[in-house]
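Coordinates in review
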Amino acid sequence: MAAPAAWVAHGFALLHGEDGDGRREAVAAWKQHHVDPEWADFSLTVCSEGCPWPEVLAALQEAPPMGVGARTVIVPAADNLFTRAKELPASIRAILEHPPTDVNLLLVAWTTLPAAPGKALGAKPWTDWAKTGRTLKVGALDPLEIPAFIEQEARRLGLTLQGSAATVLAQRQGGHPGLLKRALEVLDLLAEDRRVTEAMVDQVTFRLADQKAFAWSGAWQKGDAAGALRALRTALEDGDEPLMMLGQARREVDRLLKLAEAEGAGLKGGEVLAALGLSPRQAFLLDGYRSAWTKLGPKGLKALQARLNQCERDLKGMALSRSEAPLLDLTLALCRAWGR
């Protein structure tokens, strides 16, 4: 879905929402309008993820190179800047209320920012930004918008949705555009005659979110950092709940703790499997857990558990950054722990 031309034209703009594809397209359109590719190295500043307002202010106050024209500043993960919307520094508030003409600013939040009174976008200057079209939301679709979106994407791919296929797809995937697009792209590969049935939708969407989380955990349990990071990126861009991913990691680390306790108690064979909550058919998993436990030892396992707890605090908003950085860091730590 193309970003509205009126929003793209604003030099100071806000983009928010869970639709990863929509964010990328909107950022690309805005950059194309405001940044000259030949001068991007000199005129474009991309702030760090989760940076505070002082870093944004410093970037805005840098003088543009001679002859380049307006400078451009992009904040790629600005969710933390909206946790206390009414506590803006006076210097920032003045700039946001009266944007200068010699600098551009794009704030990008990965979640949908609420606009209710007292919430992120429910106070000035953000309410004024919304009225003037400076704010663009690319989050989940409203329930009434989902059928039209599915039909539009199906037509784009040349697919015909038969019977209740569209209804089942909407029920399974909800209103996240990224999830709907990817499911239709898989159906595009399956539907050789271009007709999509309810059974095909059921096959493609069954436990899709769990499968992505399994792909993520399966990769880091093999020590495959590149594969784990790709799986994590796909899941987050599709709008999957980060705490669900964290829950799967915690389950695996908890099994390491139970293994340490079982071996310390002298348990053997089936007793160890029972202690870990595994069935006899899952006995092949023990080698991986034993390898990780041997590699980590008590000190390493304690450190990994502490990293899990810190990641959970970050994801629940107890740290400044609400970006994907905590899960990226945890993913690499898990790869190091399980990698052979």
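Residues numbered from 1 in each chain as written. Predicted model: local features only at pLDDT ≥ 70, side-chain atom pairs only at ≥ 80, totals over all residues. Heavy atoms only, no water.

1. What to know about the overall build of the protein
Helix and strand counts for the protein stand at 16 helices and 7 strands. Each principal axis of the C-alpha distribution contributes one length, and for the protein these read about 70 × 55 × 40 Å. A buried classification covers 44% of the 340 residues belonging to the protein. A separation threshold of at least 6 residues defines the contact pool for the protein, and within that pool the share at least 24 residues apart is 75%. With an accessible surface of roughly 17200 Å², the protein has 56% of that area assigned to carbon and sulfur atoms. (Helix = DSSP H or I, 4+ residues; strand = E, 2+ residues; numbered from the N terminus. Buried < 20%, exposed > 50% of the residue type's maximum accessible area, 1.4 Å probe, protein only. Contact = heavy atoms within 4.5 Å. Areas by Shrake-Rupley, 256 points an atom, 1.4 Å probe, with all protein chains shown as cover.)

2. Here's the deal with the confidence of the model for the protein
Within the protein, residue pLDDT values average 83, and 90% of them lie at 70 or more. Within the protein, the lowest mean pLDDT, 69, falls on helix 11 (residues 208-221), and the highest, 94, falls on strand 1 (residues 12-16). (pLDDT = per-residue confidence, 0-100.)

3. Thoughts on the pairing of strand 3 (residues 71-75)
When you tally the buried positions in strand 3, you get 5 out of 5 residues, the bulk of the element. Side-chain alternation along strand 3 places Arg 71, Val 73 and Val 75 on one buried face and Thr 72 and Ile 74 on a second face that is also buried. Where strand 2 (residues 44-46) and strand 3 come together, 3 bridges link them in parallel fashion. Residue pairing for strand 3: Val 46 is matched across the bridge by Ile 74. Alignment of strand 3 against strand 4 (residues 103-109), held across 5 bridges, turns out to be parallel. For Val 73, the partnering residue across the bridge sits in strand 4 and is Leu 105. (Pairing = 2+ DSSP bridges.)

4. Description of the packing of aromatic side chains
Considering all chains together, one arrives at 5 aromatic pairs under this definition. Relative to Trp 129, the ring of Phe 12 lies with its centre 6.5 Å away and its plane at 75°, an arrangement referred to as edge-to-face. Of this pair, Phe 12 sits in strand 1 while Trp 129 sits in helix 6 (residues 126-131), placing them 117 residues apart in sequence. A single burial state applies to Phe 12 and to Trp 129, both of which are buried. Judged by centre distance (5.8 Å) and plane angle (75°), the rings of Trp 216 and Trp 220 are edge-to-face. Remark: Trp 220 and Trp 216 occur in helix 11; sequence separation between them is 4 residues, near one turn of the helix. When the ring centre of Trp 110 is taken as origin, the NZ or CZ atom of Arg 23, which lies over that ring, is 4.1 Å away. The lysine or arginine in question, Arg 134, covers the ring of Trp 129, its NZ or CZ lying 6.0 Å from the ring centre. (Phe/Tyr/Trp six-rings, centres within 6.5 Å; stacked < 30°, edge-to-face > 60°. Lys NZ or Arg CZ within 6 Å of the ring centre and 35° of its normal.)

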